[in-house]
2 protein chains.
Amino acid sequence: MSDAKKNKPATPDLASVPKAVVSRLSLYLRELQHLVFDGHETISSHRLGKLLGFSDAQVRKDLAYFGQFGHPGIGYRCPELIAAIRGILGTDAVWPVALVGVGNLGRALLGYKGFGAQGFQVQAAFDSDARKTGSTVEGVTVYHFDDLAKVVRQRGIRVGIVSVPADSAQTVADRLVEAGVEGIVNFAPVTISLPESVSLVGVDLAIELEQLAFSVVNRRQTR
Amino acid sequence: MSDAKKNKPATPDLASVPKAVVSRLSLYLRELQHLVFDGHETISSHRLGKLLGFSDAQVRKDLAYFGQFGHPGIGYRCPELIAAIRGILGTDAVWPVALVGVGNLGRALLGYKGFGAQGFQVQAAFDSDARKTGSTVEGVTVYHFDDLAKVVRQRGIRVGIVSVPADSAQTVADRLVEAGVEGIVNFAPVTISLPESVSLVGVDLAIELEQLAFSVVNRRQTR
């Protein structure tokens, strides 16, 4: 009981934790999973930071937002810290996911093994092209877009992945929200608007490249 | 000349601009491109912010890092602001890009139209599977991985996209760096290390979902 208390702050106001810190939690989790896979039981904040290019102070400060996880003279116990981070991120339970838009990117996402490893299970895919519906892509059944509300409700889908062209992204998002999803990952290169109650993450691949370009150009200009 | 001066601060220390601001520049750019496509010539900071879910103060503050772009009584001239932002991001010239790893994700990335629209031209793809080499995917020739250094140098490739499995990502990145690329976008779900002189953007799709999960869970806990 005192241990449980020690690992959780009294009032964890997680919604106010800086976004960058939550991002790094995912990086710590991934690195810890690699470490366990390679047979490591424990890790120091120094070594964990080094693997990721952060200082040990950064690692300790980030984790301190969520509790006290280190053990004196030992460091972090990898499986324990993995469980704690998954608990914080909410990925300690399976998240049923639906994907809308079975084009090239949709197919790639359906074949992406990383989702399953982190607790996201794509349980249904949707497309408006009747030639695709009824087929199975990477083990996932493709339903017609018209059946979205029914299937999402039946399967208790919580998250929708939008991988349709820009001009249909908002419509697809609206349908997903009506069907009751709690969060949307938008891969369409357009800004969509959602009700306050639904979380949104946008992944725009061109933006990632632009950010890289900026970094390349300014690295050179500052020398 | 006074106009040019007005649009550029005397010492634009762009490397120190917060990352989030540079991210939003990409969002402004995308929205402005949509506006021009729809026939709009000018836009107010209020309306631009509203389209993206930001306040007008936020828009003005972000752009103020880079210069003075608004015109009293007019707002922003869309084509002018697009040119300015592309200049800041460094995407006013074409960036020759190479992609390594022609699997599902690689194919999706080769078919992704958004890169070209933002100035990134995938000029070569590489794979270690000899059955793929010599073929053309989405108009891009697939070379054998062994020819990477030669082709990258010949074509003046500046950016490499890594879409190989996690266990070969570091090797691929090392080869790209040796061949002279200035930046790498890593889609493999692993942290890679690069020399200081090479820029890195990591896109981990599972991490995007984790961040969404955190946001969903904590939205609910805070109610």
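All values reported here derive from a predicted model rather than from experimental measurement.

*Asks:* Would you take a moment to explain the overall build of chain A for this structure?
*Replies:* Within chain A one finds ten helices and nine strands. Based on the C-alpha atoms only, the size of chain A along its principal axes is roughly 60 × 55 × 35 Å. Within chain A, the fraction of its 223 residues that count as buried is 50%. Residue pairs in contact within chain A that sit at least 24 positions apart in sequence constitute 57% of those at least 6 positions apart. With an accessible surface of roughly 10500 Å², chain A has 51% of that area assigned to carbon and sulfur atoms.

*Asks:* Whenever I open this one, the sheet that holds strand β3 (residues 95–100) of chain A confuses me. Can you help?
*Replies:* Strand pairing within a sheet occurs via backbone hydrogen bonds; the two strands may be parallel or antiparallel. Residue and element names in this part refer to chain A. One open sheet accounts for seven strands, arranged β5-β6-β4-β3-β7-β8-β9; its pairing is mixed. At either end of the open sheet lies a strand with only one pairing partner, and these are β5 (136–137) and β9 (199–202). Of the pairings in the sheet, the one linking β5 to strand β6 (residues 140–144) comprises two bridges and is antiparallel in character. From the neighbouring strand, T136 faces β6, where its bridge partner is T141.

*Asks:* Before we go on, may I ask you to explain the pairing of strand β4 (residues 120–127) of chain A in this structure?
*Replies:* Both faces of the sheet carry side chains from a regular strand, because those side chains alternate between them. All names here are of chain A. Extensive coverage of β4 is indicated by the burial of six of its eight residues. Relative to β4, β3 is paired through six bridges, and the arrangement is parallel. Bridge assignment links L99 to a residue of β4, and that residue is A125. Sheet topology note: the β4/β6 ladder contains three bridges and is parallel. Looking at β6, one finds that F126 is bridged to Y143.

*Asks:* So what exactly am I meant to see when it comes to the sheet that holds strand β8 (residues 183–186) of chain B here?
*Replies:* Residues and elements named next belong to chain B. The strand order across the open sheet formed by seven strands is β5-β6-β4-β3-β7-β8-β9, and the pairing between neighbours is mixed. Single-partner strands in this sheet number two, and they are β5 (136–137) and β9 (199–202). Contacting β3 (95–100), β4 (120–127) and β6 (140–144), helix α8 (residues 148–155) runs over the sheet at an angle of about 165 degrees to β4.

*Asks:* Please clarify how the domain arrangement of chain A should be interpreted in this entry.
*Replies:* By a widespread convention, an interface's size corresponds to the accessible area lost as its parts come together. By the assigned domains, chain A splits into domain 1 (2–88) and domain 2 (95–207). When each unit is reduced to the centre of its C-alpha atoms, the spacing between domain 1 of chain A and domain 2 of chain A is 31 Å.

*Asks:* Explanation requested: the relation of the copies chain A and chain B in the structure shown.
*Replies:* Relating one copy of the chain to the other takes a rotation about an axis and a shift parallel to that axis. For the pair chain A and chain B, the best superposition has an RMSD of 0.0 Å and corresponds to a rotation of 180 degrees with a translation of 0.0 Å parallel to the axis. This pairing of chains is accounted for by a two-fold axis. Most of the interface of chain A is mirrored in chain B, where 100% of its interface residues again form contacts.

*Asks:* Just to check I follow, could you spell out the packing of helix α2 (residues 19–37) of chain B against helix α5 (residues 78–89) of chain B for this structure?
*Replies:* In a pair of packed helices, the angle between the axes and the distance between the axes together describe the arrangement. All names here are of chain B. Running from amino to carboxyl end, α2 crosses α5 at an angle of 145 degrees, the nearest separation of the two axes being 9 Å. The two elements α2 and α5 cross, and the hand of that crossing is left-handed. Contacts between α2 and α5 involve V22, L25, S26, Y28, L29, L32, Q33, L35 and V36 from the former and C78, P79, L81, I82, I85, R86, I88 and L89 from the latter. Considering only residue class, the contact of α2 with α5 consists of 14 nonpolar, two polar and one charged.

*Asks:* What am I meant to see in the interface of chain A and chain B here?
*Replies:* Facing 69 residues of chain A, the contacting portion of chain B comprises 69 residues. Taken as a group, A:L209, A:E210 and A:F214 account for 12% of the area that chain A buries against chain B, more than any other trio of residues on that side. Viewed at the interface, chain B and chain A are joined by two salt bridges. The residue B:R30 makes a salt bridge to A:D204 at a minimum N-O spacing of 2.0 Å. For the interface between chain A and chain B, the tally reads 20 residue pairs in polar contact (both at pLDDT 80 or more). Considering only residue class, the side of chain A that touches chain B consists of 37 nonpolar, 17 polar and 15 charged.

*Asks:* So what exactly am I meant to see when it comes to the packing of aromatic side chains here?
*Replies:* Given two aromatic rings, one states the distance between the centres and the angle between the planes to describe the pair. One pass over the structure, following the stated rule, counts eight aromatic pairs over all chains. Aromatic side chains A:F126 and A:Y143 sit 5.7 Å apart centroid to centroid with 35 degrees between the ring planes, which places their arrangement in the tilted category. Pair noted here: A:F126 is in strand β4 and A:Y143 is in strand β6, with a separation of 17 residues, a long-range link. Classification of A:Y143 by relative accessible area gives partly exposed; the value is 22%. The lysine or arginine in question, A:R24, covers the ring of A:F54, its NZ or CZ lying 5.9 Å from the ring centre. The ring of B:W95 is capped by B:R158, whose NZ or CZ atom sits 4.0 Å from the centre of that ring.

*Asks:* Before we go on, may I ask you to explain the nonpolar core in this structure?
*Replies:* Nonpolar side chains tend toward joint burial in soluble globular proteins. In terms of nonpolar packing, the biggest core is built from 58 residues, with A:F115, A:I161, B:F115 and B:I161 touching the most fellow members. If we ignore the near neighbours within four places in the chain, the residues touching A:I161 are A:V97, A:A98, A:L99, A:V100, A:L109, A:F115, A:V185, A:F187 and B:L209. Grouped together as the second largest cluster of nonpolar side chains are 25 residues, B:L48, B:L52, B:V59 and B:F66 included.

*Asks:* I keep staring at helix α4 (residues 56–64) of chain B and nothing clicks. Help me out?
*Replies:* Helical periodicity: at 3.6 residues per turn, an α-helix aligns residues three or four positions apart in one direction. Residues and elements named next belong to chain B. For α4, the set of buried residues is V59, D62 and L63. Viewed end-on, α4 has its buried residues packed into an arc of 90 degrees, placing them on one side of the element. The exposed residues of α4 that point more than 90 degrees off its buried face are K61 and A64. Buried residues along α4 sit against α2, α3 (45–52), β2 (76–77) and α5.

*Asks:* Help me out: how do you make sense of unusual backbone geometry in this one?
*Replies:* The phi angle of most residues is negative, glycine excepted, and most peptide bonds adopt the trans form. With phi around 55 degrees, A:E138 is a residue other than glycine that occupies positive phi space. Checked against the element boundaries, A:E138 lands in the loop between β5 and β6.

Criteria and cut-off values
Residues numbered from 1 in each chain as written. Chains lettered and ligands numbered in written order. Predicted model: local features only at pLDDT ≥ 70, side-chain atom pairs only at ≥ 80, totals over all residues. Heavy atoms only, no water. Helix = DSSP H or I, 4+ residues; strand = E, 2+ residues; numbered from the N terminus. Buried < 20%, exposed > 50% of the residue type's maximum accessible area, 1.4 Å probe, protein only. Contact = heavy atoms within 4.5 Å. Areas by Shrake-Rupley, 256 points an atom, 1.4 Å probe, with all protein chains shown as cover. Pairing = 2+ DSSP bridges. Axes fitted to C-alpha atoms, helices over the stretch in contact; angles between N-to-C directions. Domains from an automatic or database assignment. Least-squares fit on C-alpha atoms with pLDDT ≥ 70 in both. Left-handed = near helix turned anticlockwise from the far one by under 90°. Nonpolar A, V, L, I, M, F, W, Y, C, P; charged D, E, K, R; others polar. Buried area = accessible area lost by both parts, 1.4 Å probe. Salt bridge = Lys/Arg side-chain N within 4 Å of Asp/Glu carboxyl O. Polar contact = N/O pair within 3.5 Å; in protein donor to acceptor, adjacent residues only side chain to side chain. Phe/Tyr/Trp six-rings, centres within 6.5 Å; stacked < 30°, edge-to-face > 60°. Lys NZ or Arg CZ within 6 Å of the ring centre and 35° of its normal. Core = buried A, V, L, I, M, F, W, Y, C linked by side-chain atoms within 4.5 Å. Arc of directions from axis to C-beta.

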